[in-house]
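# An overview of the molecular structure
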Amino acid sequence: MITSAENRGWIGDVEISDLAATGLPAASIVRTAKVATIDAADAEKLGRLAKHDCRKIAAELRERLSDALNASD
């Protein structure tokens, strides 16, 4: 989920570093704690996340999912 950076922070939030490339109008974050799937036909593409932001998001997701999977053992 992408949300305003003005919202209270959550563990795992990743700041979007290049707003111009994403097409977002204001400082924003990816809230990795809220992962969802949408029908791409309903989504409007504004831009693209920088590769280093994608790597940070992937690392956060790996860490969070690892914690959840290890807790079930």
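All values derive from a computational prediction rather than experimental measurement.

Calculation notes
Residues numbered from 1 in each chain as written. Predicted model: local features only at pLDDT ≥ 70, side-chain atom pairs only at ≥ 80, totals over all residues. Heavy atoms only, no water. Helix = DSSP H or I, 4+ residues; strand = E, 2+ residues; numbered from the N terminus. Buried < 20%, exposed > 50% of the residue type's maximum accessible area, 1.4 Å probe, protein only. Lys, Arg positive; Asp, Glu negative; His and termini not counted. Salt bridge = Lys/Arg side-chain N within 4 Å of Asp/Glu carboxyl O. Contact = heavy atoms within 4.5 Å.

## A few points about the side chain of D53
By the secondary structure assignment, D53 is in helix α2 (residues 51–71). Although D53 is buried, it makes no salt bridge; K56 carries the closest opposite charge, 4.7 Å away. Residues within four places of D53 in sequence aside, it is in contact with V14, E15, I16, S17 and D18.

## A word on the pattern of salt bridges
All chains considered together, the criterion is met by 3 salt bridges. The salt bridge partner of E60 is R64, with a shortest N-O separation of 3.3 Å. In this pair, E60 and R64 both sit in helix α2, 4 residues apart, roughly one turn of the helix. In this structure R64 comes out as partly exposed when scored by relative accessible area, which is 28%. Connected through salt bridges with shared partners, the residues E60, E63 and R64 form a single ionic network.

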